[in-house]
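# Coordinates in review
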Amino acid sequence: LDVYSKGFLVHHNVVAGPGEPYLMDSNIILNSGSNHLIYNNTLMPENYWSYAIYDSAPTLSDSGVVVRNNVMRTGAALSCMPGCQDHSLVWDWVSGSPTDPRFTNALIADYSLTAASPAINAGVAIAGITNDTRAGSQTVLGVPDEGAIEYGTTSWVPSTAGDTTAPS
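Residues numbered from 1 in each chain as written. Predicted model: local features only at pLDDT ≥ 70, side-chain atom pairs only at ≥ 80, totals over all residues. Heavy atoms only, no water.

### Brief notes about unusual backbone geometry
Even without being a glycine, Trp93 presents a positive backbone phi close to 75°. Mapping Trp93 onto the fold places it in the loop between strand 9 (89-91) and strand 10 (103-105). Since its relative accessible area comes to 26%, Trp93 is described here as partly exposed. You will see that Arg102, though not glycine, has its phi angle at about 55°, which is positive. (Helix = DSSP H or I, 4+ residues; strand = E, 2+ residues; numbered from the N terminus. Buried < 20%, exposed > 50% of the residue type's maximum accessible area, 1.4 Å probe, protein only.)

Set out below in structure tokens:
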């Protein structure tokens with residue numbers, strides 16, 4: 001999502017580095033975008049100099065942008081319109097802090113939530129997004145969690161496992 005893009009619905013994604021070490025990277029760039037709906041994502045930039053959501057001119061031309069129910073790790077500043085923190089957990093990079101999402105194992109990209117996560121039941125209901133009752137989806141059995149992976153559901157974790165049969 002970049003310069004003057006509009007109307008994207010982005011939900012239930014896990015976005016994590018890598019980028020260029022010690023350079024500013026961003027998971028999502030808004031720059032004068034409009035009418036984007038960014039719900040229930042887990043956004044983990046790789047270093048302190050990077051942004052979960054970057055906007056070069058926050059609040060000036062971001063009409064209709066809604067950022068809600070996300071778990072975001074942010075560095076030196078959250079470069080996004082004030083609405084970025086609407087029912088979103090913004091982690092300060094400090095393990096054990098009140099904003100630490102307490103992932104199962106972020107070192108192996110397992111961003112599912114443990115029972116101690118402050119993101120559990122901290123979201124807000126969003127019609128068509130958080131009320132999907134299919135297995136592995138957000139649940140209607142209470143308040144939705146913040147982030148891409150609802151607590152207690154099966155998490156997709158990247159790996160090299162899979163089909164090891166060579167083609168014939």
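### Overview of the side chain of Asp100
One can find Asp100 in the loop between strand 9 and strand 10. No salt bridge is formed by the buried Asp100, whose closest oppositely charged neighbour, Arg102, lies at an N-O distance of 5.0 Å. Here Gly96 takes part through its backbone nitrogen, which lies 2.7 Å from a polar atom of the side chain of Asp100. Leave out the neighbours within four places in its chain, and Asp100 touches Trp91, Val94, Ser95 and Pro118. (Lys, Arg positive; Asp, Glu negative; His and termini not counted. Salt bridge = Lys/Arg side-chain N within 4 Å of Asp/Glu carboxyl O. Polar contact = N/O pair within 3.5 Å; in protein donor to acceptor, adjacent residues only side chain to side chain. Contact = heavy atoms within 4.5 Å.)

### Thoughts on the sheet that holds strand 4 (residues 37-39)
For sheets, the rule is that strands pair by backbone hydrogen bonds, running either parallel or antiparallel. Spatially, three strands are ordered 1-4-7 in an open sheet, and the strand pairing comes out parallel. Whereas interior strands pair on both sides, the edge strands pair on one side only; in this sheet they are strand 1 (9-11) and strand 7 (66-68). With direction set aside, neighbouring strand axes in the sheet form an average angle of 5°. Relative to strand 4, strand 1 runs parallel, the two sharing three bridges. Bridged to Leu9 within strand 4 is Leu37. (Pairing = 2+ DSSP bridges. Axes fitted to C-alpha atoms, helices over the stretch in contact; angles between N-to-C directions.)

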